[in-house]
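This is what each chain is made of:
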Amino acid sequence: MEDNQFDAIIIGGGLAGLAAAWTLADRGKEVLLLEKGDYCGAKNVTGGRLYVEPLKGFFDDLWDKAPLERSIAREEICLVAPTKSLTVSYTDDSLSSIPGQSYSVCRAKLDRFFAKQVERKGAVIATKTRVDSLVIENGAVIGITAGGDTLYAKTVICCDGVLSLFPQQAGLRGPLKPKHSAIGVKEIIELDPQLINERFGVSDEQGAARLFMGDITCGRFGGGFLYTNKESISLGLVLGIEAFSQEGIEISVPEALDRFKERPEVLPLIAGGEPVEYSAHVVLEGSYNQLSKLYGNGILVAGDAAGFSLNAGITVRGMEYAVMSGYFAALAVEKALEKNDFGAESLSVYETLLADSFVLKDSKEHQNVAASLDHDRFFSFYPSFVCDLMHDLYKVNGPKKRIYPTLRKHLTAGVMKDILFKDFGKVKKL
C-alpha cells in the first residue's frame, strides 16, 4: 500500500458527496472528491425540492447563502381521471413565511455553489473523472482506480447515485430490483416570473409544489410533480419500472411526459414557456427495507447510493437525506482517523449516528408506504371515484339531489366492503 494516502476519497459530487467533503475539509482532513460530470451538478437531475428546516444548525450559514429558488408556500395535490381532475390546494401562515421550511432548487446552481464552498475549505475536487473500480486488498477497500491511475485512501465514501456499482463490488448489496425502482423524467421550462406568480397565486419569493396522481401514469404506480423556480418550472413524472413494464402499457416514458404536459391541469400553467433542460434517472422506491448495507471495511455509502429517499405519498424527499448522510459519513471517518482503525466495526458508528437522526428515523417510520401504495386501485379507481363523486355533486341538469343521497349513490355497500375497507388496512401504514 502507498504511504501517500488521502484521509478520504469521495466518489460523486452530488449533495451527499459535497456534504461529506465539506465536513471533513472543515476539520482539516485530506479529501479528494471525484465527479464524472463537467462540474458538480451537471448530472444531478433531482425533481427540485430541498427541506432546509432539518438542516438548520449544520454547515454554518451555507443555506442562507445558497442559491435556493422559491420558498414553497402552497402545497397542492391533483387527482387525475381520464377526463376529470380534483386539485386540493393548501397553505397557511407558517408555509407562507420567509424563510420557509422548504425550497425549490435547481441542482446545477446549488451543487456548483456548494462545490465552491467545499474547495474553499481545502478539499480537492476533480471533475470529468470517472471512477472505474474500487481497490480491495485483504477484504478491505483501500482506494480506487480512475483513468488508469490508482489512488489510495484510508476510507472511500460512495455517493455516486442510485446506479452506483461500488456497494455491490464491496459486497454491501445485490443488484437493484425493478420492483423497488422507478424512472424519473423531468423538464425545466423557462417562464416569466410574473406569469409564475399570477398562475400559482404567489409572490416573488414564494412558490408552489403540486403532486399528481392517477391517469398521468396510465393508472399504474407512480406520479407527477411540478415545482416553481424563480424563472422556470420543474415538471416531471416518476414511473414505477415494474408497473410500467406490464402488459397494457403501450406508451414510452418520453411519450408519457408529452401526454402529461398536454393535460388541462398542466398546459395552462406552462403555456408560453420554453423547455431548456430534459433529464431522466433511476429512483429508488423501497425506503428503509431496501437500504444498502451502509458500511464495510474501508468503505461507507451515502445519499442515493445507499437508498436514502422517501416517497410518503404527499411528500417526496431525498436531498436533505443525502446532505445529512454525507455529513454523518464524514463524522464516522473522523472518528476512525482518531483511532486509526478503518474496519467495518470502527466505521459502524456511521449507522449509529444515522439512527439517532431524522434520516433513519424517517426511513423506519415510513418503511411500509411504498408497499401500501403499490396497488393499481390507488392510481386508477380512487382518482376516478373521487372525480365522479365531485361531478355529481356539482352538476346541475334538472332536479338536483341532496348531498347525502349523492354520497350514498357512490358509497355503495359493495364499494365500502370490497374496496374501501379492504384498502383501509394498507392506508393505516401510510
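Analysis parameters
- Residues numbered from 1 in each chain as written.
- Predicted model: local features only at pLDDT ≥ 70, side-chain atom pairs only at ≥ 80, totals over all residues.
- Heavy atoms only, no water.
- Helix = DSSP H or I, 4+ residues; strand = E, 2+ residues; numbered from the N terminus.
- Rg over C-alpha atoms; globule rule 2.2 N^0.38 Å.
- Buried < 20%, exposed > 50% of the residue type's maximum accessible area, 1.4 Å probe, protein only.
- Contact = heavy atoms within 4.5 Å.
- Lys, Arg positive; Asp, Glu negative; His and termini not counted.
- Charge placed at Lys NZ, Arg CZ, Asp CG, Glu CD.
- Axes fitted to C-alpha atoms, helices over the stretch in contact; angles between N-to-C directions.
- Left-handed = near helix turned anticlockwise from the far one by under 90°.
- Nonpolar A, V, L, I, M, F, W, Y, C, P; charged D, E, K, R; others polar.
- Salt bridge = Lys/Arg side-chain N within 4 Å of Asp/Glu carboxyl O.
- Arc of directions from axis to C-beta.
- Phe/Tyr/Trp six-rings, centres within 6.5 Å; stacked < 30°, edge-to-face > 60°.
- Pairing = 2+ DSSP bridges.

Peer 1: What is the right way to read the overall build of the protein from this model?
Peer 2: The number of helices and strands found in the protein is 18 helices and 20 strands. Computed over C-alpha atoms, the radius of gyration of the protein comes to 23 Å, within 12% of the 22 Å expected from 2.2 N^0.38 for 430 residues, which places it in the range of a compact globule. Overall, the C-alpha framework of the protein stretches about 90 × 45 × 40 Å when taken along its three principal axes. Going through the 430 residues of the protein one by one, you find that 51% of them count as buried. For the protein, the share of sequence-separated contacts (at least 6 apart) that also reach a separation of at least 24 residues comes to 73%. Positive and negative charge centroids in the protein, built from 48 and 56 side chains respectively, lie 7 Å apart.

Peer 1: What's the story with the packing of helix 1 (residues 15-26) against helix 10 (residues 319-339) in this structure? I'm lost.
Peer 2: What describes two packed helices is the angle between their axes and the distance between those same axes. Packing of helix 1 against helix 10 brings their axes to within 7 Å, and their N-to-C directions diverge by 35°. As helix 1 packs across helix 10, the resulting crossing turns out to be right-handed. Counting all contacts with helix 1, which are made through Leu 15, Ala 16, Ala 19, Ala 20, Thr 23 and Leu 24, the residues of helix 10 involved are Met 319, Ala 322, Val 323, Ser 325, Gly 326, Tyr 327, Ala 330, Leu 331, Val 333 and Glu 334. Split by residue class, the contact of helix 1 with helix 10 holds 12 nonpolar, 3 polar and 1 charged.

Peer 1: So what exactly am I meant to see when it comes to the pattern of salt bridges here?
Peer 2: Opposite charge on two side chains permits them to pair, given that their charged atoms come into close proximity. As enumerated under the stated definition, the model contains 18 salt bridges in all. The residue Asp 26 makes a salt bridge to Lys 121 at a minimum N-O spacing of 2.9 Å. With Asp 26 in helix 1 and Lys 121 in helix 4 (residues 107-121), the pair connects residues that are 95 residues apart, well separated along the chain. For Lys 121, a relative accessible area of 29% puts it in the partly exposed group. A salt bridge links Glu 265 to Arg 263, with the shortest nitrogen-to-oxygen separation between them at 2.8 Å. Side by side, Glu 265 and Arg 263 carry an identical accessibility label, which is buried. Here the residues in one salt-bridge network are Asp 215, Arg 259, Arg 263 and Glu 265, joined through shared partners.

Peer 1: Any chance you could explain helix 8 (residues 253-261) here in plain terms?
Peer 2: Residues separated by three or four positions in an α-helix point in the same direction, a consequence of the helix having 3.6 residues per turn. By the burial criterion, the buried members of helix 8 are Ala 256, Leu 257, Phe 260 and Lys 261. Looking down the long axis of helix 8, one finds its buried residues gathered within 135° of arc, a one-sided arrangement.

Peer 1: What should I look at first to understand the packing of aromatic side chains in this one?
Peer 2: What characterises a pair of aromatic rings is the spacing of the ring centres plus the angle enclosed by the ring planes. In total, this model carries 14 aromatic pairs according to the counting rule given. Ring plane angle 90° and centroid distance 6.1 Å describe the contact between Phe 59 and Phe 114, whose orientation is recorded as edge-to-face. On the criterion of sequence distance, the pair formed by Phe 59 in the loop between strand 3 (49-51) and helix 2 (62-65) and Phe 114 in helix 4 is long-range, its members being 55 residues apart. Judged by its relative accessible area of 1%, Phe 114 falls in the buried class. Measuring from centroid to centroid gives 5.4 Å for Phe 381 and Phe 385, while their planes differ by 25°, and the two rings are stacked. Of this pair, Phe 381 and Phe 385 are both found in helix 16 (residues 381-394), 4 residues apart, which corresponds to roughly one turn of the helix. Judged by its relative accessible area of 13%, Phe 385 falls in the buried class. Counting every residue linked through ring pairs, the aromatic cluster contains Trp 22, Phe 58, Phe 59, Trp 63, Phe 114, Tyr 327 and Phe 328.

Peer 1: So what exactly am I meant to see when it comes to the sheet that holds strand 1 (residues 8-11) here?
Peer 2: Strand pairs in the sheet, formed through backbone hydrogen bonds, run parallel or antiparallel to each other. Across the sheet, 6 strands lie side by side as 7-2-1-11-18-17; this open sheet has mixed pairing. A strand with exactly one partner marks an edge of an open sheet, and here the two such strands are strand 7 (124-126) and strand 17 (295-296). As judged from the 3 bridges shared by strand 11 (residues 156-158) and strand 18 (residues 299-301), these two strands associate in the parallel manner. Looking at the pairing, Cys 158 lines up with Val 301 of strand 18. Where helix 1 meets the sheet, its contacts fall on strand 1, strand 2 (31-34), strand 7 and strand 11, and the angle it forms with strand 2 comes to roughly 165°. Across the face of the sheet, helix 10 comes into contact with strand 1, strand 11 and strand 18 while running at roughly 165° to strand 18.

Honestly, it's all geometry; don't read function into it.
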